[in-house]
Amino acid sequence: MLMPDLLFELFSEEIPARMQARAAEDLKKMVTDRLVDAGLVYEGARAFATPRRLALTVQGIPARQPDLKEEKKGPRVGAPENAIAGFLKSAGLNSVDEARVEKDKKGDFYVALIEKPGRDAIDVIADMLPVIVRTFPWPKSMRWGERSERPGALSWVRPLHAMVATFGPETEEPTLVHFAVDGIESGFVTYGHRFLAPDPISVRHFDDYVAKLEKAKVVLDAERRREIIRTDAKNLAFAQGYELVEDEGLLAEAAGLVEWPVVLVGSFDETFLQIPGEVIQATIRNNQKCFVLRDPQTARLVNKFVLVSNMEAKDGGRAIVAGNERVIRARLSDAKFFYETDLKTRLEDRLHKFKDIVFHEKLGTQAARIARIEQLTGELAPLVGADVGKAKRAARLAKADLLTEVVGEFPELQGLMGRYYAQAQGEDEAVAHACEDHYKPKGPDDLVPSDPVSIAVALADKIDILVGFWSIDEKPTGSKDPYALRRAALGVIRIVLDNNLRLPLVAAFRRAIDGLLSTHSALINVDRLPVELLAFFADRLKVQLREQGARHDLVDAVFSLEGQDDLVLVVRRVAALGRFLDSDDGRNLLAGFKRAANILRIEEKKDNASYDGAPDEALYQLAEEKVLARAMAEVKAEAGRAVAGEDYESAMRAMAKLRPHVDAFFDKVTVNVDDRALRANRLKLLNEIRAATRAVADFSRIEG
Amino acid sequence: MSELPPYMRPERSFQGLILALQRFWADHGCVILQPYDMEVGAGTFHPATTLRALGPRPWNAAYVQPSRRPKDGRYGENPNRLQHYYQFQVILKPSPPDIQQLYLNSLYAIGIDPGIHDIRFVEDDWESPTLGAWGLGWECWCDGMEVSQFTYFQQVAGFECAPVAGELTYGLERLAMYVQGVDNVYNLNFNGREDNRKVTYGDVFLQAEQEYSRHNFEHSDYEMLFKQFSMAEEACRKYLADGWADKEKSRHLMVLPAYDQCIKASHVFNLLDARGVISVTERQSYILRVRELAKACGEAWLKTQAGGQG
């Protein structure tokens, strides 16, 4: 026999596009979780959303809950009366005669056998759905209408009008799951497209629901609406010899604004193409939710746009296209006006306004920040191979576009507009590009600047913001990172590594601190700041390297050595260490190190002493001791020379030479001898292993 | 609509459009009010909306409200921006179940046929920091243009709306430009006549836009305005304090005059803001001061007859 299916629809006024997908998932989860909790294990479920409805189908639900048998342990025989009464009530028994008496170590106690016959699934569902409606987790919900003044009035994302809830096997006429929420009763009736098919439709099962909606000009599945829009938009573009500029975010939003997508093409005056393409696209996308088209040969925008309407209009869409064209014309006129107005003022002439704009209460004005960035850029420029004059000029101008009309209107164009305006006023190309590229990388997938001028400004910008917020103790915590400081630190790391820059970070931090101190005195913790900030970088680097498959403990092992603030070297050392530890020599040396460290830890604890002095050569008795001591002296020197020459492979090879001598030592030499002086000397020798390995890494941080 | 003389048709005449909307909402039982006789930033400030939205009594009203946004002045040079414009405001309390359909019918009444246009309800949460009010609703789009705001008031003056009122705000100039097919607001046909009897929006308002832009940005006497702000604030508080009928504050007898002073303070603040004499940090505190007045007025309103007391 076929198991029954549930069809559930919540029909409301227009649900915000951005909330639809999440709401469909929430609905599915709330219903299916409760089904499973109620012992109703279903076969499958799918949820859908359109601007006016949430819908859910759950297939293969057992018609009845399984019967439940449960033993409930009660109070001891002879317990106070109220304890027994409470037990009887909670177990649903009339008297103690209905309970069994069992024994344990402490004596006799009551046990109730509770038999709960399974209920019909439809009744369970009828109880569960109103609770789900009442507790639905909309990000923002509202009350409406006459009932809104009563206590406990229903709250929904927008007014809820109707609910469909049917239950039954697909081969049979389904049954109504009957319930009501705040005056709205479940039924078989829903409604089609607001304008194209507004009449009530009676629906039974999911299949027939989808088919009837489709006839009533509603495409239930957002994924399908998206594909219809994508395909139609591409085809319309292609038919005109153009190419759609795809935009997944916009596509999802457009699919959330229509039940029946109808894609149309409009155009605008060619003279608007004098405005930068990004400005045209931002105007048309943000304000009008339309797509732009480009010429596939030149990749430049053309004077066309694609709009997604919700209407099969009687005039074929003429009025809709004409209306949208008028709005876009007005919007582009504004954008053109903004752009042309911006071009009339040179970037440097805008800077004085930054004196009145507070960057952060405790860190002063934007003007002060720009001055700091300019200063720091000048100091970093020689270290990254940038022309100091150009780099400082770029730093001075890089933020000026924040005060332009276009960026005021479209904040996402910051930087890009700076480049356009810098080019328009005849700045050096490197300077102009730095206005845009100093913001990069904006995310993990964004490109890293490679021109030295851009690099200098980008580093100064990011280091200034990091040092600034560290100095006022506004560090990221948990999921809170309002100033995007993690992104800034990761940006510095990627710029340094991708460009193979030899930049000691602590010195750079100190320069930034000096810049801050010149205008701000009441800063906390400036002495410890470089070390703490470097630790934050180490954490970011670990995350970054882990994503590339490196072991995070190796990063720790390198960072815990003194003065590791040259990221390029850190990464090279980590890589060499990783390869070394993959070899037999590496693994065994690590094992030897761990053994030595273990013995030392135990003995030092026992003696409450530390054995970190130099061993006395005169006390060596066995050949293995002497050989190991000599080998360590050689290896330390050799590894030290290699490290100084940044040749970590050689340093590791030198380390490998220690391995047989360490093995031989443990093989032949007993550390815990009765002679106290001899024992102390041997422990000191073990400690030398710890010290020797520190030439390449802190082996105690390595796992395994 | 066909029996209307041509000069009264909404698609030819700005005043015809206003009259058609008034007629439509009158047919649905609304009280058709005249504009409030004070300067306000939006139709919502009219006591017929702000105060009447509070309390349990049903209330259905519609009116045109001239609205002043001193900062939006463009010396008459921008085809879309005005420092003085008209809103058509409808308030329905409690919000009727078919309010969306009523709204669509009202569009039909001014010549927007949903059979050939693309009408959409796009998320727009409304919040007025100065009024301590918020609601959820939409921008209503017609062929990609925002023609109205649609809000279910949840809170006004810091108080829950019980029951909830539905508020519709039509931007009249924009709507008229759309139905008349005009790209520049000053070219709107105001009276629906042709030839030498035609009066345009520019004939009526262009000079005013130029003069007020000069005033708002360059010449307004801000020292006087600062004083006026404080005076209005004090007067509002005084009238509210004096208006309690008894020590228990069970009834209030003078909310409306007090609320006028709150409106006054709000407009004066907008003028000061346009004049550029209020810094970013001060700005927030001025908004807060107006909100405190609005909240106090709302609290007193709930102790009046129209607010539900007796």
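These numbers were taken from a predicted model, which means no experiment stands behind them.

Novice: How should the nonpolar core be read in this particular structure?
Specialist: The nonpolar side chains of soluble globular proteins are, as a tendency, buried together. In this structure, A:A456, A:L577 and B:C297 are the most contacted members of the largest nonpolar core, which totals 270 residues. Built from parts of two domains, this core gets at least three residues from each of domain 1 (6-215) and domain 2 (221-301) of chain B. In this structure B:C297 touches B:A157, B:L240, B:V255, B:A258, B:Y259 and B:C262, once residues within four positions along its chain are discounted.

Novice: So what exactly am I meant to see when it comes to the sheet that holds strand β13 (residues 243-244) of chain A here?
Specialist: Adjacent strands of a sheet form backbone hydrogen bonds with each other and so pair up, either parallel or antiparallel. Residue and element names in this part refer to chain A. Reading across the sheet, the four strands line up as β13-β15-β16-β14 and stay open at both edges, with antiparallel pairing between neighbours. Here the strands that pair on one side only, and so sit at the sheet edges, are β13 and β14 (262-267). For strand β15 (residues 291-294) and strand β16 (residues 301-309), the ladder comprises three bridges, and the chain directions are antiparallel. Each bridged residue has a counterpart across the sheet, and for F291 the counterpart in β16 is V306. Sheet strands in contact with helix α5 (residues 222-239) are β13, β14, β15 and β16, and its direction is about 35 degrees off that of β14. Helix-sheet contacts for helix α8 (residues 318-343) involve β14 and β16, and the interaxial angle to β14 is about 50 degrees.

Novice: What am I meant to see in the sheet that holds strand β6 (residues 107-116) of chain A here?
Specialist: Residues and elements named next belong to chain A. Here we have three strands laid out as an open sheet, ordered β4-β6-β5, and antiparallel in their pairing. Each edge of the sheet is formed by a strand with only one pairing partner; in this case those strands are β4 (68-76) and β5 (100-104). With direction set aside, neighbouring strand axes in the sheet form an average angle of 35 degrees. Where β4 lies against β6, seven bridges are found, and the strand directions are antiparallel. The residue bridging L68 from the neighbouring strand is K116, located in β6. Sitting on the sheet, helix α2 (residues 81-91) touches β4 and β6, and the angle it makes with β4 is about 175 degrees.

Novice: Help me understand the pairing of strand β4 (residues 119-123) of chain B, please; the structure alone is not making it clear to me.
Specialist: Within a regular strand, side chains alternate between the sheet's two faces. All names here are of chain B. Most of β4 is tucked away: four of the five residues are buried. Sheet topology places β4 next to strand β6 (residues 133-142); five bridges connect them, and they run antiparallel. Paired with V122 across the two strands is E139, which belongs to β6.

Novice: Sorry, what's going on with helix α23 (residues 658-668) of chain A here?
Specialist: The α-helix advances 3.6 residues per turn, and as a result positions three or four apart in sequence lie on the same side. Along α23(A), the residues classified as buried are A:L658, A:R659, A:H661, A:V662 and A:F665. Buried residues along α23(A) sit against α20 (584-607), α21 (623-644), α22 (648-656) and α24 (676-693) of chain A.

Novice: What's the story with the interface of chain A and chain B in this structure? I'm lost.
Specialist: Accessible area lost upon the coming together of the parts is a frequently used measure of interface size. Counting residues at the interface gives 30 residues for chain A and 28 residues for chain B. Secondary structure elements with two or more residues in the side of chain A that touches chain B: β16 and α8 of chain A. Here the element with the most residues in the side of chain A that touches chain B is α8(A); it accounts for seven residues. Across the side of chain A that touches chain B, the residue classes break down as 13 nonpolar, seven polar and ten charged.

Novice: Explain the domain arrangement of chain B here, please?
Specialist: Residues and elements named next belong to chain B. Parsing chain B into structural domains produces domain 1 (6-215) and domain 2 (221-301). The C-alpha centroid of domain 2 is placed 25 Å from the C-alpha centroid of domain 1. Opposite the 21 residues of domain 1 that make contact, domain 2 presents 20 residues. Taken together, the residues of the side of domain 1 that touches domain 2 sort by class into twelve nonpolar, five polar and four charged.

Novice: Would you take a moment to explain helix α15 (residues 485-498) of chain A for this structure?
Specialist: Residues and elements named next belong to chain A. Its 14 residues place the ends of α15 20 Å apart at the C-alpha level, agreeing with the 20 Å of an ideal helix rising 1.5 Å per residue. By the criterion of burial, α15 is predominantly enclosed, with ten of the 14 residues buried. Regarding α15, the residues found buried are L485, A488, A489, L490, G491, V492, I493, R494, I495 and V496. Taken together, the buried residues of α15 touch α14 (452-471), α17 (529-547) and α19 (567-582).

Novice: I'm lost on the packing of helix α12 (residues 416-424) of chain A against helix α13 (residues 429-437) of chain A in this one. Help?
Specialist: Packed helices, taken two at a time, are described by the angle between their axes plus the distance between the axes. Residue and element names in this part refer to chain A. Where α12 contacts α13, the axes come no closer than 6 Å and their chain directions differ by 165 degrees. With respect to α13, the axis of α12 lies roughly antiparallel. Read as a crossing pair, α12 and α13 show a hand that is right-handed. Contacts between α12 and α13 pair L416, G418, R419, A422 and Q423 from the former with V431, A432, H433, C435 and E436 from the latter. Split by residue class, the contact of α12 with α13 holds five nonpolar, three polar and two charged.

Novice: I tried to follow the packing of α19(A) against α22(A) on my own but got confused; where do I start?
Specialist: All names here are of chain A. Closest axis-to-axis distance for the α19/α22 pair is 9 Å, and the angle between their directions is 35 degrees. Our pair here, α19 against α22, has a crossing hand that is right-handed. Taken together, the residues of α22 that come into contact with α19 (itself represented by R572, R573, A576, L577 and F580) are Y648, E649, M652 and M655. Its residues placed into classes, the contact of α19 with α22 shows six nonpolar, no polar and three charged.

Novice: Looking at this structure, how should I read the pairing of β14(A)?
Specialist: All names here are of chain A. Taking burial as the measure, the six residues of β14 include five buried ones, the bulk of the element. Here β14 pairs with β16 via six bridges, running antiparallel. Bridge assignment links L264 to a residue of β16, and that residue is L307.

Novice: Mind showing me how you'd approach unusual backbone geometry here?
Specialist: The phi angle of most residues is negative, glycine excepted, and most peptide bonds adopt the trans form. Here the residue pair A:K440 and A:P441 is connected by a cis peptide bond, since its omega of -5 degrees sits within 30 degrees of zero. Here A:P441 shows up in the loop between α13 and α14. Between B:A162 and the following residue, B:P163, the backbone shows a cis peptide bond with an omega angle of 0 degrees. Here B:P163 is to be found in the loop between β8 (159-160) and β9 (166-171). Of note in the backbone geometry, B:D143 takes a positive phi value of approximately 50 degrees without being a glycine.

About the cut-offs
- Residues numbered from 1 in each chain as written.
- Chains lettered and ligands numbered in written order.
- Predicted model: local features only at pLDDT ≥ 70, side-chain atom pairs only at ≥ 80, totals over all residues.
- Core = buried A, V, L, I, M, F, W, Y, C linked by C-beta atoms within 7 Å.
- Buried ≥ 20, exposed ≤ 12 C-beta atoms within 10 Å, placed from the backbone.
- Domains from an automatic or database assignment.
- Contact = placed C-beta atoms within 7 Å.
- Pairing = 2+ DSSP bridges.
- Helix = DSSP H or I, 4+ residues; strand = E, 2+ residues; numbered from the N terminus.
- Axes fitted to C-alpha atoms, helices over the stretch in contact; angles between N-to-C directions.
- Nonpolar A, V, L, I, M, F, W, Y, C, P; charged D, E, K, R; others polar.
- Expected span 1.5 Å × (residues − 1).
- Parallel < 35°, antiparallel > 145°, perpendicular 65-115°, else oblique.
- Left-handed = near helix turned anticlockwise from the far one by under 90°.

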